[in-house]
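# Structural characterization, general
So you can see what is in the structure, the chains are spelled out below.
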2 protein chains.
Amino acid sequence: MSKLLIQQADVLTLDESERILRAADIAIENRKIVAVGNAPRDFVADETIDARHHVALPGFFNAHTHAAMTLLRGSAEDLPLDRWFNEGIWRTESALQDEDVYWGTALAACEMLRSGTVAFADHYFYMHHAARAVQESGMKALLAWCVFGSDFAPEMGPTTLELTGDFVAEFQNSAGGRIKTMLGPHSPYISSARSLQQAVHVARKLGVGCHIHVSESPEQVANSYKQHGKSPVAYLNDLGIFDLPSIAAHAIYVNDDDIAILRAKRVSVAACPKTHLKLSMKTTRIVDLINAGVHVALGTDGAASNNDLDLLEVTRLTALLQKHDTGDATVLPSMQALKLATQHGARAMGFDDSGVLRVGADADLILLDFDKPHLTPRHDLAANVVHSARGSDVNYVIVDGKVLLRQGELTTLDEQKIMREAQMRGLRMVGSAQRQTQLYQG
Amino acid sequence: MSKLLIQQADVLTLDESERILRAADIAIENRKIVAVGNAPRDFVADETIDARHHVALPGFFNAHTHAAMTLLRGSAEDLPLDRWFNEGIWRTESALQDEDVYWGTALAACEMLRSGTVAFADHYFYMHHAARAVQESGMKALLAWCVFGSDFAPEMGPTTLELTGDFVAEFQNSAGGRIKTMLGPHSPYISSARSLQQAVHVARKLGVGCHIHVSESPEQVANSYKQHGKSPVAYLNDLGIFDLPSIAAHAIYVNDDDIAILRAKRVSVAACPKTHLKLSMKTTRIVDLINAGVHVALGTDGAASNNDLDLLEVTRLTALLQKHDTGDATVLPSMQALKLATQHGARAMGFDDSGVLRVGADADLILLDFDKPHLTPRHDLAANVVHSARGSDVNYVIVDGKVLLRQGELTTLDEQKIMREAQMRGLRMVGSAQRQTQLYQG
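None of the values given here were measured: they were computed from a predicted structure.

## Quick look at the overall build of chain A
A tally of helices and strands in chain A yields 15 helices and 17 strands. Relative to the 2.2 N^0.38 estimate, which gives 22 Å for 442 residues, the radius of gyration of chain A is 21 Å and therefore close to what a compact globule would have. Expressed along its principal axes, the backbone C-alpha trace of chain A runs to roughly 65 × 45 × 45 Å. By the burial criterion, 67% of the 442 residues in chain A qualify as buried. Summing over all exposed atoms, chain A offers an accessible surface of approximately 14900 Å²; the carbon and sulfur share of this is 47%. With 42 positive and 53 negative side-chain charges, chain A shows a separation of 1 Å between the mean positions of the two kinds.

## Regarding the pairing of strand β13 (residues 295–298) of chain A
Residue and element names in this part refer to chain A. In β13, alternate side chains face the same way, and those of His-295 and Ala-297 on one face and Val-296 and Leu-298 on the other are all buried. Here strand β12 (residues 268–271) pairs with β13 via four bridges, running parallel. Each bridged residue has a counterpart across the sheet, and for Ala-271 the counterpart in β13 is Leu-298.

## Topic: the state of the cysteines
Residue and element names in this part refer to chain A. For the coordinates displayed, the defined rule picks out zero disulfides over all chains. Cys-146 supplies the cysteine sulfur nearest to Cys-210, a cysteine that is in no disulfide, at a spacing of 12 Å. Of all cysteine sulfurs in the structure, the one in Cys-146 sits closest to Cys-272, which takes part in no disulfide; the separation is 15 Å.

## Looking at helix α8 (residues 256–264) of chain A
Residue and element names in this part refer to chain A. Within the span of α8, buried status applies to Asp-258, Ile-259, Ile-261 and Leu-262. When α8 is viewed along its axis, its buried side chains cluster within an angular range of 160° and face the same direction. Along α8, the residues that are exposed and aim more than 90 degrees away from the buried face are Asp-256, Asp-257 and Ala-264. A distance of 3.0 Å separates the backbone nitrogen of Asp-257 from a side-chain oxygen at the start of α8, and that oxygen is part of Asn-255.

## Brief notes about the domain arrangement of chain A
Residue and element names in this part refer to chain A. As assigned here, chain A comprises domain 1 (3–58 + 355–410) and domain 2 (60–348). Using C-alpha coordinates to define each centre, domain 1 is positioned 28 Å away from domain 2. On the side of domain 2, 27 residues touch domain 1, which itself brings 35 residues to the contact. Taking both partners together, domain 1 and domain 2 bury about 2500 Å²; carbon and sulfur atoms supply 65% of that area. The largest per-residue losses of area from domain 1 upon contact with domain 2 belong to Leu-14, Val-386 and His-387, which jointly make up 24% of the total buried on that side. Viewed at the interface, domain 2 and domain 1 are joined by four salt bridges. Note that Lys-140 is salt-bridged to Asp-364, the shortest N-O span being 2.8 Å.

## So, the interface of chain B and chain A
Tallying the contact residues gives 67 residues for chain B and 67 residues for chain A. Both sides together, the interface formed by chain B and chain A hides about 5000 Å², and carbon and sulfur atoms give 56% of it. Area buried by chain B at its contact with chain A is led by His-324, Pro-373 and His-379 of chain B, which between them contribute 14% of it. Its salt-bridge partner being Asp-308 of chain B, residue Arg-316 of chain A comes within 3.5 Å of it at the nearest N-O pair. Where the side of chain B that touches chain A is concerned, the elements lending two or more residues are α2 (98–114), α9 (273–278), α12 (311–326), α14 (381–388) and α15 (415–441) of chain B. A class-by-class count of the residues in the side of chain B that touches chain A yields 22 nonpolar, 23 polar and 22 charged.

## Concerning the pattern of salt bridges
Tallying each qualifying case throughout the model produces 60 salt bridges over all chains. We note a salt bridge from Glu-47 of chain A to Arg-406 of chain A, for which the minimum N-O separation is 2.8 Å. Here Arg-406 of chain A lies in strand β16 (residues 402–406) and Glu-47 of chain A lies in strand β4 (residues 47–50), a separation of 359 residues in the sequence. The partly exposed category is assigned to Glu-47 of chain A, whose relative accessible area is 23%. Residue class for Arg-406 of chain A comes out partly exposed when judged on its relative accessible area of 34%. For Lys-323 of chain A, the salt bridge identified is with Asp-78 of chain B, shortest N-O distance 2.6 Å. Of this pair, Lys-323 of chain A sits in helix α12 (residues 311–326) while Asp-78 of chain B sits in the loop between β6 (60–65) and α1 (81–93), on two different chains. Residues joined in a network through salt bridges with shared partners are Arg-31, Lys-32, Lys-140, Asp-353, Asp-362, Asp-364 and Asp-400 of chain A.

## As for the packing of aromatic side chains
Residue and element names in this part refer to chain A. On inspection of all chains with the given rule, the structure shows 18 aromatic pairs over all chains. When the ring of Tyr-102 is compared with that of Trp-103, the centres are 5.0 Å apart and the planes differ by 80°; the resulting orientation is edge-to-face. Given the relative accessible area of 8%, Tyr-102 is considered buried. Classification of Trp-103 as buried rests on a relative accessible area of 9%. Cluster of aromatic residues (ring-pair linked, three or more members): Tyr-126, Trp-145, Phe-167 and Phe-171.

## Quick word on helix α13 (residues 334–348) of chain A
Working note: α-helix, 3.6 residues per turn, so residues spaced by three or four point in the same direction. All names here are of chain A. Taking 1.5 Å of rise per residue, the 15 residues of α13 would be expected to cover 21 Å, and the 20 Å separating its terminal C-alpha atoms lies within 8% of that figure. A bend of about 40° at Leu-340 is the largest found in α13. Summarising burial for α13: 12 of the 15 residues are buried, a large majority. For α13, every residue scored as buried is listed here: Ser-334, Met-335, Ala-337, Leu-338, Lys-339, Leu-340, Ala-341, Thr-342, His-344, Gly-345, Ala-346 and Ala-348.

## Looking at the side chain of Ser-150 of chain B
Residues and elements named next belong to chain B. Following the sequence through the fold, Ser-150 ends up in the loop between β8 (140–147) and α4 (161–171). A polar atom in the side chain of Ser-150 sits 2.8 Å from the backbone nitrogen of Ala-153. Not counting residues within four places of it along the chain, the set of residues in contact with Ser-150 comprises Glu-155, Ile-190 and Ser-192.

## Remarks on the nonpolar core
Residues and elements named next belong to chain B. Leu-12, Trp-84, Leu-183, Leu-338 and Val-385 are the most contacted members of the largest nonpolar core, which totals 139 residues. Sort the elements by how many residues they give to this core and α2 lands first, with 10 residues. The residues that make up this core include at least three from each of domain 1 (3–58 + 355–410) and domain 2 (60–348). Not counting residues up to four positions away in its chain, the partners in contact with Trp-84 are Met-69, Ala-76, Leu-79, Ile-89, Leu-279, Ala-304 and Ser-305.

## Here's the deal with the pairing of strand β14 (residues 365–369) of chain B
All names here are of chain B. Among the five residues of β14, five are classified as buried, and the element is accordingly described as predominantly covered. In β14, alternate side chains face the same way, and those of Leu-365, Leu-367 and Asp-369 on one face and Ile-366 and Leu-368 on the other are all buried. Of the pairings in the sheet, the one linking β14 to strand β15 (residues 394–399) comprises four bridges and is antiparallel in character. Residue pairing across strands places Leu-368 opposite Val-394, the latter belonging to β15.

## Concerning the relation of the copies chain B and chain A
In this arrangement, two copies of a chain are superimposed by a rotation about an axis accompanied by a shift along the axis. Of the transformation superimposing chain B on chain A, the axial component is 0.0 Å and the angular component is 180°, with the fit at an RMSD of 0.0 Å. Both copies of the chain, as the preceding transformation shows, are related through a two-fold rotation axis. Using C-alpha coordinates, one finds that chain B approaches the rotation axis most closely at Ser-392 of chain B, a distance of 3.4 Å. Counting the interface residues of chain B, we find that 100% of their copies in chain A are interface residues as well, pointing to one common contact surface.

About the criteria used
Residues numbered from 1 in each chain as written. Chains lettered and ligands numbered in written order. Predicted model: local features only at pLDDT ≥ 70, side-chain atom pairs only at ≥ 80, totals over all residues. Heavy atoms only, no water. Helix = DSSP H or I, 4+ residues; strand = E, 2+ residues; numbered from the N terminus. Rg over C-alpha atoms; globule rule 2.2 N^0.38 Å. Buried < 20%, exposed > 50% of the residue type's maximum accessible area, 1.4 Å probe, protein only. Areas by Shrake-Rupley, 256 points an atom, 1.4 Å probe, with all protein chains shown as cover. Lys, Arg positive; Asp, Glu negative; His and termini not counted. Charge placed at Lys NZ, Arg CZ, Asp CG, Glu CD. Pairing = 2+ DSSP bridges. Disulfide = S-S within 2.5 Å. Arc of directions from axis to C-beta. Polar contact = N/O pair within 3.5 Å; in protein donor to acceptor, adjacent residues only side chain to side chain. Domains from an automatic or database assignment. Contact = heavy atoms within 4.5 Å. Buried area = accessible area lost by both parts, 1.4 Å probe. Salt bridge = Lys/Arg side-chain N within 4 Å of Asp/Glu carboxyl O. Nonpolar A, V, L, I, M, F, W, Y, C, P; charged D, E, K, R; others polar. Phe/Tyr/Trp six-rings, centres within 6.5 Å; stacked < 30°, edge-to-face > 60°. Expected span 1.5 Å × (residues − 1). Bend = angle between axes of the 7 residues up to and from the residue. Core = buried A, V, L, I, M, F, W, Y, C linked by side-chain atoms within 4.5 Å. Least-squares fit on C-alpha atoms with pLDDT ≥ 70 in both.

This is how it looks when you write it as structure tokens:
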């Protein structure tokens, strides 16, 4: 039995009525919130957090990332999507070793915890190493081992659909339920129809869903019509992918029929606006999707395109970019933007009891230190969080009732060691790609 | 004589050849940089900064803000420009007291120093109070007292063109040269032709220029054609404004003829992309302006629309939004984006010896602590600064050779006192506006 008491926080509950409580207590017993407002009189805490000058809200759920790509941060700059892939990432990733995934994911966990993310949906390789980092960090995660399933792109290392099925069978609901899994077929433009059908078959057998990239560029959509006579969304739907719980990453180039499918099949779209801006991809029409009833969550994508893993920044960019693109400054007010980053992400990732501060919910929450000039005055707490705060204002992170960041210090991970290893491994990978390029050009 | 030695920094000089130095020293004597690379052997410092794991670069120049509007942060959310003005800001500002400007500007100074800004171009009211905050903070500033000069909008308090001329005469080159001044006619859409002509006359007599809002909305441009038969830029040019050193804030809706004028008259355009996004204004065509030879600098605008005063964030948004709007991911690489935020701003504000790290330049520089997970690994220092760093990574700020932020602590300002006063005054202003609205509606 472990009891945690947070005292005197201003609380953004993000519940249905969007209640804001002032100087409120939050009582946590084991993994659950047992009181919000006033703690029970007989509640004797093992740890008490003095949260004066702090704002509490649910932690962030990063619904699409490639965590270990932190190792490639800043290695392929100022390139459009196709050149970013072909000249940058795919060359560098050919030097990826399985152990790199542990260190890159551990670095990602440090960075995400420090900016208030409690859970992430990861889509990468050698995922048993990612699982180890998640286990140690105390975070929650939805892990998908990426399978190209392609007639032309070789798989990464020993990856096969069977292997990734074994990964699901071994890790589903592990780490006390903190780790969930999906299958990770890469995308309709790389994966063959046969491999996608096999993925549906295996996922159904294992009782999980799929996390997949969808409609990132006009070329992908045009090729889909050329090869299959239909859009990528319609194609995946006809193959049965969306009959399973699904995360569709990006979904930028979708038409009205696609939107109807995404709504009907309750697909979660994970929008990654910072990557979209950086690679000049245009962006997910979040407001249109929401108005049509599609479930939208937010992701960072990998740090090789997004350059960091800060979901608070993504939340801000979501609100700003939708105001810009729609020409309507009233869309995505701060409370709504925060819900995309919290409860929408939690639902997309299958953590249905999380993403809101209310009695009975999982104790996955964060405290921002508001005793800062850029968060003064406090006319609108939600606006201050979305449009003025930084990831670095996160002072406490609590996952399943356990304090993972305490007064700005990580409690579970050896940050200095992780940074040293990540620096070394990142340099090795990029150096190796550069040598290959020289050989090729020489 | 004061001597400062920075040791073992990785240095982004931002000079013509965009040199990056590793583990380099920077020696500062009084207000100037006397060495970059290796300090002179006989250099005996009064203070030595161990800058291992730090990246040094020129400090940021915020080329357009209304500093004291920090008091209204978060008070008028999710509104388009016209409603933001009419329903939000102008009502609240009717409760502005002269002393509020001191506290609001002091709060702004805390926030700007903490995020690496060394100088700001301010455009507001009661500017002798702003000057006092600048003086105490140790920052540099270009101060302009806003005059509406309108047939319909009453001036703020005792403001007259003569008074603002007196302000220029008294404060130009004060605080050891740290304070410069301009006149601040509000805009071609509020200020009358007569008042703009008078401003030109007075500015010329005083040997200063004008800081003015230009072409923020299609309506402003349409009205200018209706009233004057020409664009706002052509109109201001014909009135002689651009024959003086000028900062044109925003300049979103400009045509090719306008761009030719801005280039020919060496006008500095101050783009404020975060405000543009937030209020759904579209944004300054920075890449087009730069390609046409126009001088472009960056600003935050006020915290009532921008919600913070973080020029590093604005620099990132500039690069991201230009990539998005142009559809070209190669535009505004990180080095170029940083130059807009540093030397371009310095020139716009008349601090011609600043904005670059080289011998003989003013010692206006910042050190970012790179010993952080989100800044690891270090494949590309400039990209890590622009696309991964946060304002909170700024650990040292040096202006005119004086350390104003030391290991994250402000050395000149009483931050706690300033936050308390700002909170109280901000609540008073917004509360007063709300009471007025209730009376009006009751």
